[in-house]
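# Inside the fold
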Amino acid sequence: MIRYIKLFVVALALLMPLGVSAKKKVQMNDREYWSSQAWKMSRPVLENMAKGELVKNMKMEFSPSFDNRNKKVAYMECFGRLMAGIAPWLSLPDDNTTEGAKRKQLREWALKSYANAVDPTSPDYLCWGSGGQNLVDASYIAESFLRGYDSLWKPLDDTTKQRYLAEFKKLRKIDPPYTNWLLFSSTIESFIAKAGGDYDEYRVNSACRKVEEWYVGDGWFSDGPEFAFNYYGSYVFHAMYLETLQAMIDAKASTRLDYKKYYDRQLKRTQKYAIILERFISPEGTFPVFGRSIPYRNAAMQPLALLAWMKTLPEELTNGQVRAALTKMMHRMWDEHNNYNDAGFLTIGFCGSQPDAADWYTNNGSEYMASLTFMPLGLPADDPFWTSKAEPWTQVKAWGGDKFPKDHMWTDTPQPKDKW
């Protein structure tokens, strides 16, 4: 009998590497999985920056074709983009859960990091105003303040607040090209307006006017005068335009533009675009890889995450199907390949380490745009987004032989039906 027991133990040990042991692992629910990914991405950045050691300890990677810009912009990219994604999560009230303890720790680190970012005596003082790229990434810091106004902006001391307003205003010397960059200016200026500062009305309204001109229909924007098929509607247009308009509403700004009218129309456009994004997610959790800046990874799904957090998903999409689709996508992207270098920072790539996927402006600080899909963590655990039963999303239904909704062109105003 003892001999048979020994043989069984040996056989079990041999089977464990093949996956049998995985059955013993405690399975995380969706929220636990999302928060574990957010913690993994955030901790190395904020723990180091809170101590003024991000520049010292961040292991950097740069595109093989990186241009001649100041490489120190990478730290602003890393911090600003990360905070834009996790600001809603850090804005939840403290609680006694394991997640709550991690969230509280990240918030404490974040507040210290914000102060270091504008303190000229800190080793982690960011390179404000050294080049055009600073306008881009300062806008994500401003966006993080818009998304976490009460929990991340208000608690800052007066000196730090004044330093931010001064640094933001210095960026007015940067002339943004007629592309999505106009929204970087408008995001910063609309935040200044909301914070009660002296904002530049022209940089807000000119951005709104050009974005309206560049809307091409069915939820899509042209990135400037010529249309390019890429995910910049996800990375920039839909989120920053909506948030610019909302910040101007919050600021009770009175200008030539009716921000509420613009906002209501833009929300519908974003909802249509979100419907398209949901349809991009395959039954396996993959989505099409096209266009520039693809190493931003799942930032391509930012509008879905934003609308879920804002509780304004279109009626065509349920909480259960959006959460299920995004969760499947995250598992496919983060579980099957290593997306971090040996120092714990994101690496360049789309799904793993793929340096050749980089554009000339890409560094691994750029990659923290991936945090933007974490916004629904800003909803409490008892919100319907988290408690609703997981449902099959559109591609699961379509490829599973089940009934699925058809999709047609959508316009801002009702159009007569075709008479073909």
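Cut-offs and rules
Residues numbered from 1 in each chain as written. Predicted model: local features only at pLDDT ≥ 70, side-chain atom pairs only at ≥ 80, totals over all residues. Heavy atoms only, no water. Patch = residues over 30% accessible without salt bridge, like charges linked within 9 Å, V, L, I, M, F, W, Y side chains within 5 Å. Areas by Shrake-Rupley, 256 points an atom, 1.4 Å probe, with all protein chains shown as cover. Salt bridge = Lys/Arg side-chain N within 4 Å of Asp/Glu carboxyl O. Buried < 20%, exposed > 50% of the residue type's maximum accessible area, 1.4 Å probe, protein only. 1 Å grid on protein atoms, 1.4 Å probe; cavity = no way out; pocket = protein on both sides within 12 Å on 5 of 7 lines; lining within 4 Å. Points joined across faces, edges and corners; volume = space filled by probe spheres on them. Helix = DSSP H or I, 4+ residues; strand = E, 2+ residues; numbered from the N terminus. Nonpolar A, V, L, I, M, F, W, Y, C, P; charged D, E, K, R; others polar. pLDDT = per-residue confidence, 0-100. Contact = heavy atoms within 4.5 Å. Phe/Tyr/Trp six-rings, centres within 6.5 Å; stacked < 30°, edge-to-face > 60°.

## A few points about a nonpolar patch on the surface
On the surface, V216, F227 and F229 cluster together into a nonpolar patch covering about 310 Å² of accessible area. Note on F227: relative accessible area 44%, which makes it partly exposed.

## Focus: empty space enclosed by the protein
On inspection of all chains with the given rule, the structure shows one cavity of 30 Å³ or more. In this structure, the largest cavity encloses a volume near 40 Å³. Lining the largest cavity are W220, F221, D223, F227, A228, N230, Y232, G233 and F237. Looking at the lining of the largest cavity, the elements with two or more residues in it are β2 (220-221) and α11 (232-250). Considering every element that reaches the lining of the largest cavity, the biggest residue donor is α11, with three residues. By residue class, the composition of the lining of the largest cavity is six nonpolar, two polar and one charged.

## Some thoughts on the confidence of the model for the protein
In this model, the protein carries an average pLDDT of 93, and 92% of its residues clear a pLDDT of 70 or more. Within the model, the stretch residues 4-24 combines pLDDT values under 50 with three contacts to residues more than four positions away or in other chains.

## Thoughts on the packing of aromatic side chains
Scanning the model with the defined rule gives 37 aromatic pairs in all. An angle of 70 degrees between the planes, with centres 5.2 Å apart, marks the rings of F79 and Y114 as edge-to-face. Separated by 35 residues along the polypeptide, F79 in helix α4 (residues 73-90) and Y114 in helix α5 (residues 98-117) bring together distant segments of the chain. Residue class for F79 comes out buried when judged on its relative accessible area of 0%. A centroid spacing of 5.8 Å and a plane angle of 40 degrees characterise the contact between Y164 and F168, whose relative ring orientation is tilted.

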